[in-house]
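# Fold and contact review
Spelled out from the first residue to the last, the chains are:
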Amino acid sequence: MALNEYDVSSLMDITSRPDLVFVKGQGSWLEDNSGKRYLDFIQGWAVNCLGHSAPEMKQALVAQADKLMNPSPAFYNEPSIALSLRLTQASCFDRVFFANSGAEANEGAIKLARKWGRVKRNGAYKIITMDHGFHGRTLATMSASGKPGWGTMFAPQVDGFPKADLNDLASVEALIDDQTVAIMLEPVQGEGGVIPATKAFMQGLRRLADTHNLLLIVDEVQTGMGRCGTMFAYQLSDVVPDIMTLGKGIGGGVPLAALLARQDVCVFSHGDQGGTYNGNPLSTAVGVAVFDALAAPGFLDGVKARAQQLQKGLMTISGKHGMGGERGHGLLRALILDRDDGPAIVEAARTRAPEGLLLNAPRPNLLRFMPALNVTEQEVATMLKQLDELITAVRKG
Ligand SMILES: *Cc1c(COP(=O)(O)O)cnc(C)c1O
């Protein structure tokens, strides 16, 4: 029904999509081409931290479009300067390179670590990454990811990403050799199923990195920008990484990502790194508006309050339905199901009437929640109530 008026045959078929087209969004709500509304707990995959069509983003976009869209990355522009200063002041990092996607930022991190290894570590180049980690869909970031089969799917793969187990320090230590230059991980594995690295593991990695003169790289594409209740998730474990990447939430829905590094790691020579759209004023102006909203007094307290509400509600649901509990940090959480009916619940939620609910199952036995960071108490309560009813309905058959 829904797709009748659209001819989608010219779009490359890269994933299965439901028969609907989203035409409008506001805050935590989306509307499709038939006029049906959906409560959105996916938010562009943890991207739209201020919800759909946030007024401050729209205002920044329009104002910047009026002034200057693209002078070329060979020249300075005001919004990219402003955003870089905000990011370095809010973090332990000294320098920022802006990119367009998380994968591109991670490519930059990998290049920077390899360059550092060439200059400072006698050509060391291997980067230890984690099994089940996710770092993007370019050739190098697929090899860095720990998804089964991903390293060789488009062989020949990019070499030099031995895999350790998350939260198993000995498995990391066992992989370190003369050619190891860095350890790279997500503070919470997002696509892998919302699995937090423990504080002890993060601190152990820092110690290992110090002992062996390695760089510690955190991929905060999903966990950064307030998602975990602090501006950056590395702050939850009191470690000081050497390199960080940001994506998703940093643009709040416009294409923007960033590579951040401490001064002594910034070894790129002119010509080593670049990109046509890096730091383009349209995206970075929106980035400034997003950052200022997240950094406003009380905003992150609101994230923590909603996170507590969500956590408590999920625990109640888990107890009632005999599930395996919940986990996560801030507003990146997962409900651990006791069986593989995640996809059935996601489907029932989306097709629910009169209003749909958008959820995600990164694994068949897991539901992931990544609402807007400004989601309201009422919206979290509504989602929890609907979820409870949906689980009951799906399990009745
Ligand atoms: C989404 C994601 C990426 C890839 O970002 P893109 O913008 O899709 O390239 C990389 N790392 C993590 C942790 C992510 O969640």
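Structure's up top.
Bear in mind that the values here come from a model prediction, so they are computed numbers and not experimental data. (Residues numbered from 1 in each chain as written. Predicted model: local features only at pLDDT ≥ 70, side-chain atom pairs only at ≥ 80, totals over all residues. Heavy atoms only, no water.)

### Some points on the packing of aromatic side chains
Taken as a whole and assessed by the stated rule, the structure comprises four aromatic pairs. With a centroid separation of 6.1 Å and 5° between ring planes, the pair formed by Phe232 and Tyr234 is classed as stacked. Judged by its relative accessible area of 0%, Phe232 is buried. A relative accessible area of 4% means that Tyr234 is categorised as buried. Ring-pair connections join several aromatic residues into one group, and the members of that group are Phe93, Phe232 and Tyr234. It is Arg37 that lies over the ring of Trp29; its NZ or CZ is 4.3 Å from the centre. (Phe/Tyr/Trp six-rings, centres within 6.5 Å; stacked < 30°, edge-to-face > 60°. Buried < 20%, exposed > 50% of the residue type's maximum accessible area, 1.4 Å probe, protein only. Lys NZ or Arg CZ within 6 Å of the ring centre and 35° of its normal.)

### Let's talk about the site of the ligand
Taken together, Ser101, Gly102, Ala103, Asn106, Phe134, His135, Gly136, Glu186, Asp219, Val221, Gln222 and Lys248 form the complete shell of residues around the ligand. Contact between the ligand and Phe134: a nitrogen atom at 3.3 Å from a main-chain N or O atom of the residue. Residue Lys248 places a side-chain N or O atom 2.6 Å away from an oxygen atom belonging to the ligand. Compared with its free state, where it exposes 380 Å², the ligand has 81% of that area covered by protein. In terms of residue class, the shell around the ligand is built from three nonpolar, six polar and three charged. (Near = heavy atom within 4 Å. Polar contact = N/O pair within 3.5 Å; in protein donor to acceptor, adjacent residues only side chain to side chain. Areas by Shrake-Rupley, 256 points an atom, 1.4 Å probe, with all protein chains shown as cover. Nonpolar A, V, L, I, M, F, W, Y, C, P; charged D, E, K, R; others polar.)

### Points about the nonpolar core
Grouped burial of nonpolar side chains is what soluble globular proteins tend to show. Counting residues in hydrophobic clusters, the biggest one holds 72 residues, and the most contacted among them are Leu87, Leu185, Leu335, Phe369, Met383 and Leu387. Considering each element in turn, this core owes the most residues, seven residues, to helix H9 (residues 299-321). In contact with Leu185, not counting residues within four places along its chain, are Met130, His135, Leu166, Ala197, Phe201, Met202, Leu205, Leu216, Ile217, Val218 and Asp219. In terms of nonpolar packing, the next biggest core, distinct from the first, is built from 24 residues, Ile110, Leu112, Ile217 and Leu259 among them. (Core = buried A, V, L, I, M, F, W, Y, C linked by side-chain atoms within 4.5 Å. Helix = DSSP H or I, 4+ residues; strand = E, 2+ residues; numbered from the N terminus. Contact = heavy atoms within 4.5 Å.)

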